Amino acid sequence: MKAVSTAAAAASFDDTGASGTATPDRLRITEIFLSLQGEARDAGWPTVFVRLTGCPLRCQYCDTAYAFHGGEWREIDAIVDEVATHGVQHVCVTGGEPLAQRRCIQLLKRLCDAGYNVSLETSGAIDIAEVDPRVSRVLDIKTPGSAEAHRNRWDNIALLTPHDQVKFVICSREDFDWAKTVIAEHALTERCDVLFSPSHAQITPRALADWIVAEKLPVRFQMQLHKILWNDEPGR
Ligand code: SF4
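So, here's what we can say about the structure. Note that the structure is a prediction, hence the values are computed from the model and not measured. (Residues numbered from 1 in each chain as written. Predicted model: local features only at pLDDT ≥ 70, side-chain atom pairs only at ≥ 80, totals over all residues.)

1. Some remarks on the overall build of the chain
Each helix and strand in the chain was counted, giving 7 helices and 9 strands. Relative to its 236 residues, the chain shows a buried fraction of 38%. (Helix = DSSP H or I, 4+ residues; strand = E, 2+ residues; numbered from the N terminus. Buried ≥ 20, exposed ≤ 12 C-beta atoms within 10 Å, placed from the backbone.)

Here it is in structure tokens:
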């Protein structure tokens, strides 16, 4: 599928009425559900996922293409209320690319103000400067094997803190070597934790684990718990 520009994708979910007057604060939402966090630093915690609709990228391995379109408009108050009904401490705002909707910034702040442990999964293609610093940002760096490496917004790296994490999805040995170079050039492991995931069906988890150990690379290998447990079933 042809990729659209970031601006175009964001505009498609800019909730502004025909009169040009902004309607109440709301976001296009694909799903809100309770599951286990399957990845990154908070893996294993019961977590409410808020999946925003839409993404300007088209990674070849994407496992959430069902979030590219559809969804329904939900007011931010209603989203925060629904999160509260699940009664857990961890909330993950994901997509799609959640930052493609500008009001995602408001949602993140509201969730932090309510006292949740909030994480954001973002593609790395959109500016993260306005994200509330209480949010743990899990920032993708797209490898050549993703087919979207040209979308990486390198300025984001300077904004990362130890509260954040960077994730590479590795599709091949070439991706692994490319990621090693990026880590060295940007001193990434001095900024925050760096995560390596095997691209499902492209390399074996064992191959990636062996490469990391052989190179003594200071990154964290991870496998997606939700794939192991529920095999990508939507809403799990
Ligand atoms: S950024 Fe994420 S949601 Fe968007 S296409 Fe890539 S993997 Fe899919």
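2. Some thoughts on the site of the ligand
Residues in close proximity to the ligand include C55, L57, R58, C59, C62, T64, G95, G96, E97 and S123, which together make up its full environment. Here the residues of the shell around the ligand sort into 4 nonpolar, 4 polar and 2 charged. (Near = placed C-beta within 6 Å. Nonpolar A, V, L, I, M, F, W, Y, C, P; charged D, E, K, R; others polar.)

3. What about the packing of helix α2 (residues 76-86) against helix α3 (residues 104-113)?
One way to put it is that α2 packs onto α3 with a least axis distance of 10 Å and a crossing angle of 40°. One element, α2, and the other, α3, form an angle in the oblique class. Taken as a pair, α2 and α3 cross one another with a handedness that is right-handed. Here I76, I79, V80 and V83 of α2 come into contact with α3, specifically with Q106, L107, R110 and L111. Split by residue class, the contact of α2 with α3 holds 6 nonpolar, 1 polar and 1 charged. (Axes fitted to C-alpha atoms, helices over the stretch in contact; angles between N-to-C directions. Parallel < 35°, antiparallel > 145°, perpendicular 65-115°, else oblique. Left-handed = near helix turned anticlockwise from the far one by under 90°. Contact = placed C-beta atoms within 7 Å.)

4. Thoughts on the pairing of strand β4 (residues 90-94)
Of all 5 residues in β4, 4 are buried, a share of seventy percent or more. Bridge count between strand β2 (residues 46-52) and β4: 5 bridges; the pairing is parallel. From the neighbouring strand, F49 faces β4, where its bridge partner is C92. Sheet analysis places β4 next to strand β5 (residues 117-122), joined by 4 bridges and oriented parallel. Following the sheet pairing, V91 is matched in β5 by V118. For the segment spanning β4, α3 and β5, crossover handedness is right-handed. (Pairing = 2+ DSSP bridges. Right-handed = clockwise from strand over helix to strand, strands pointing away.)

5. Digging into the sheet that holds strand β8 (residues 193-198)
Judged by pairing direction, the sheet is mixed, and its 9 strands sit side by side in the order β3-β1-β2-β4-β5-β6-β7-β8-β9 without closing on themselves. Each edge of the sheet is formed by a strand with only one pairing partner; in this case those strands are β3 (72-75) and β9 (220-221). When strand β1 (residues 26-36) meets β3, the two strands line up antiparallel, connected through 4 bridges. Note on β3: the bridge partner recorded for L27 is R74. Against the sheet, helix α6 (residues 205-215) makes contact with β7 (165-170), β8 and β9, and its axis sits at roughly 145° relative to β8, the strand it touches most.

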